[in-house]
Amino acid sequence: MKRTLWWIVCCSLLSTVWIGMSHAEETDRVILTRVFFQDDDARSLRWADLYAGSPPTLGKVQDVPGFPKLDVEEQSLVQMGAARGMLLVGVRDEQNGKKESGWILIDSGVGSEGHGDHSHSTYAQAPRIRAKVLDDKQGNPAHLYVYDDIFYLANDKLGGYTRIDPAAIRPADDAAAVSQQAKFIPGGGGHITLAAFNRAVGYSSWIDREGDNAGRVDVTPFATGKIGYSLRLPTGGIHGATALGGKVFFAPTDGICWVEGDATGALGADAVKVQHLSLGKEPDSDKPIRTGAFSTFGEHVLFVTGQGAHAALHTLPAKAAAPQPTKLELKLSDGSRPVGPMASLLVGGCPMALVFHDNSATDAGEQVSLIELDPNLDGAFNDARVVKVMPVGKSKVNGHAGHHDAAFVGDSRHAIYSNPGDGTLGLLRVRRWEQVGTFKVGGTPSKIETIGESSGH
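Described in the following lines is the structure provided in the data block. Everything numeric here is computed off the predicted structure, so don't read it as measured data.

The rules behind each value
Residues numbered from 1 in each chain as written. Predicted model: local features only at pLDDT ≥ 70, side-chain atom pairs only at ≥ 80, totals over all residues. Heavy atoms only, no water. Helix = DSSP H or I, 4+ residues; strand = E, 2+ residues; numbered from the N terminus. Rg over C-alpha atoms; globule rule 2.2 N^0.38 Å. Buried < 20%, exposed > 50% of the residue type's maximum accessible area, 1.4 Å probe, protein only. Contact = heavy atoms within 4.5 Å. Areas by Shrake-Rupley, 256 points an atom, 1.4 Å probe, with all protein chains shown as cover. Lys, Arg positive; Asp, Glu negative; His and termini not counted. Charge placed at Lys NZ, Arg CZ, Asp CG, Glu CD. Phe/Tyr/Trp six-rings, centres within 6.5 Å; stacked < 30°, edge-to-face > 60°. Core = buried A, V, L, I, M, F, W, Y, C linked by side-chain atoms within 4.5 Å. Pairing = 2+ DSSP bridges. Axes fitted to C-alpha atoms, helices over the stretch in contact; angles between N-to-C directions. Salt bridge = Lys/Arg side-chain N within 4 Å of Asp/Glu carboxyl O.

Structural notes on the overall build of the protein
If you tally the helices and strands in the protein, you get 2 helices and 35 strands. Against the compact-globule benchmark of 23 Å for 457 residues, the protein has a radius of gyration of 24 Å, which places it among compact chains. Along the first, second and third principal axes, the C-alpha atoms of the protein reach 100 × 50 × 50 Å. Expressed as a percentage of the 457 residues in the protein, the buried residues total 51%. A fraction of 50% describes how many contacts in the protein between residues 6 or more apart in sequence connect residues 24 or more apart. Approximately 20700 Å² of the protein is accessible, and the part contributed by carbon and sulfur atoms is 50%. Looking at charge distribution, the protein has the averaged site of its 44 positive side-chain charges lying 3 Å from that of its 52 negative ones.

Next up, the structure:
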């Protein structure tokens, strides 16, 4: 009896020690970032932590708790963005906003812990819904932008956009208080794209190619909440806008247009000169070359044009008095379209960009171009070059959905990207130009964001 009791006590102690060691090992694992991605099949938002290692590993993939169950036939997730540890996701329906559309704001659960001259991210909390507005009065959002850590969600059918500043949200605010922070700003029409200048003025576009609103851009001071005046671009079909370097840029059907930013929104259309930059003509056609969207990095505006052998990445120095784009030919395979670019500053000091070659209509393997934007580190991107083209998984393109997407990791070494057609996420060690991981997550992973840096244990 004594021997039996002694054995039970020993086993209990050993079990306690083992469990304690396992817990210590688990809590001592360094987290590199928190990953969020949309599943287009389930119309859901999922998350997981990326752990340090050789190679890094992805933790348990979970649905964001409390994320609303959407109608997979009638609703879809649109663009999302991250700011101040929060994530905003737009929701669109197939009934022009009359079923249920709007937005969902998520607290990522990522915090910050100071350590004297530096800080580490903390991951003690799971993500949670802070607020959501889903009804038949939100104008069927499509585009979502983040400028200066403020969200702007285009409400296409309402002729305006919703502005949400995460800095104004207090930790104790309930969902109702958070929702009250959302401010509707009038401006734009149809399929709205927009730019926010100096945190004070919005520039919102009209999609019309012909008619009275072709080429129209509404300029709205946030302080008044009323359209101050409207600009006219030389062509319509505007499908891109951004602000950088004291200027606001637009992507109409012909090339690029830009204006000097109006810090008050009170100059008036006659005082603003619209500048036009031609990108040339499409091969074997008189149709002008255009782009559909911008991204920014440092002092440069980045965008892609064309397809197949004529695809190109363009870099535009925003602060230049008369900016001119530099063109980098990408030489994609027939039928492939460039998607991106996604850019970041990595270890070694050279900014890098990723451009995917989406080609889901054929059986040709899809790829990604790894691009050094500034090889000689002089601040100009006119020496940008493709350093490697690598295979990736499949896309699953359906209109604006199903494209590859990527986000850079807080360790300044890795990028994680989605393969919608494979149900996987891929991990690149970017400066070493190598694939270091593939994670099976199921469904149709599409848009992806990362929040947080190393937990630094």
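That covers the picture; the talk isn't over yet.
With respect to the packing of aromatic side chains
Taken as a whole and judged by the stated rule, the model has 7 aromatic pairs. For the pair Tyr145 and Tyr147, a centre-to-centre distance of 5.9 Å together with 15 degrees between the ring planes defines the contact as stacked. Like Tyr147, Tyr145 is buried. Centroid distance Tyr203 to Phe250: 6.3 Å. Interplanar angle 50 degrees. Geometry classified as tilted. Placement of the pair is Tyr203 in strand E16 (residues 201-205) and Phe250 in strand E20 (residues 247-250), with a sequence separation of 47 residues.

Remarks on the nonpolar core
Membership of the largest hydrophobic core comes to 32 residues, with the highest contact counts inside it found for Leu45, Leu87, Trp103, Leu105 and Ile106. For this core, the elements supplying multiple residues, two or more each, are strand E1 (31-39), strand E2 (44-51), strand E5 (75-83), strand E6 (86-93), strand E7 (101-107), strand E10 (128-135) and strand E12 (150-155). Among all residues touching Leu87, those that are not within four sequence positions of it are Phe36, Leu45, Met80, Gly81, Ala82, Ile104, Leu105, Ile106, Phe151, Glu449 and Ile451. Formed by 28 residues, the second largest nonpolar core is a distinct cluster that contains Ile150, Ala154, Ile192 and Phe222.

As for the environment of Thr424
Looking at the element boundaries, Thr424 is found in strand E33 (residues 424-429). The sequence separation of Thr424 and Ile104 amounts to 320 residues, and the corresponding C-alpha distance is 24 Å. For Thr424, the residues in contact, after removing those within four places along its chain, are Tyr417, Ser418, Asn419, Thr438, Phe439, Lys440, Val441 and Pro445.

Some points on the pairing of strand E13 (residues 160-164)
The element E13 is largely enclosed, with a buried count of 5 among its 5 residues. Both faces of E13 are covered, namely the face carrying Gly160, Thr162 and Ile164 and the face carrying Tyr161 and Arg163. As judged from the 5 bridges shared by E12 and E13, these two strands associate in the antiparallel manner. Looking across to E13, one finds that Ala154 is bridged to Tyr161. What sits between the antiparallel neighbours E12 and E13 is a turn of 4 residues, in which Gly159 has the positive phi angle 65 degrees.

Considerations on the sheet that holds E10
Ordered in space as E5-E6-E7-E10, the 4 strands form an open sheet in which the pairing is antiparallel. Every interior strand has two partners, whereas the edge strands, E5 and E10, have only one. Geometrically, the sheet is characterised by an average inter-axis angle of 15 degrees between neighbouring strands, direction not taken into account. In the sheet, E5 pairs with E6 via 7 bridges, with the strands oriented antiparallel. Within the sheet, the bridge partner assigned to Leu77 lies in E6 and is Val91.

Topic: the sheet that holds strand E27 (residues 337-345)
An order of E27-E28-E29-E30 is seen for the 4 strands of this open sheet, with the pairing classed as antiparallel. The open sheet has two edge strands, E27 and strand E30 (385-391), and neither has a second partner. In this sheet, neighbouring strand axes are inclined to one another by 20 degrees on average, regardless of whether the strands run parallel or antiparallel. Examined bridge by bridge, strand E29 (residues 367-372) and E30 share 6 bridges and lie antiparallel to one another. The residue bridging Ser369 from the neighbouring strand is Val389, located in E30.

So, the pattern of salt bridges
Pairs can form between side chains of opposite charge once their charged atoms are near each other. Applying the stated criterion across every chain, the model contains 14 salt bridges. A salt bridge links Asp41 to Lys396; the shortest N-O distance between them is 3.8 Å. Separated by 355 residues along the polypeptide, Asp41 in the loop between E1 and E2 and Lys396 in the loop between E30 and strand E31 (406-408) bring together distant segments of the chain. Classification of Asp41 as partly exposed rests on a relative accessible area of 43%. Among the residues examined, Lys396 registers a relative accessible area of 43% and is labelled partly exposed. Among the salt bridges present, the one from Asp107 reaches Arg128, with a minimum N-O distance of 4.0 Å. One end of the pair, Asp107, is in strand E7; the other, Arg128, is in strand E10, and 21 residues separate them in sequence. For Asp107, a relative accessible area of 18% corresponds to the buried category. Looking at Arg128, the relative accessible area reads 41%, which means it is partly exposed. Where salt bridges share partners, they join Glu372, Arg385 and Arg431 into one cluster.

Topic: unusual backbone geometry
Here Ser54 and Pro55 are connected by a cis peptide whose omega angle stands at 5 degrees. Looking at where Pro55 falls in the secondary structure, it is placed in the loop between E2 and strand E3 (57-58). Each neighbour pair has its own omega, and for Gly340 with Pro341 the value is 0 degrees, a cis peptide bond. Along the chain, Pro341 turns up in strand E27. With a phi close to 50 degrees, Arg84 is a non-glycine residue in the positive phi region. Tracing the backbone shows Arg84 in the loop between E5 and E6. Backbone geometry at Arg199 places phi at a positive 60 degrees, although glycine is not the residue there.

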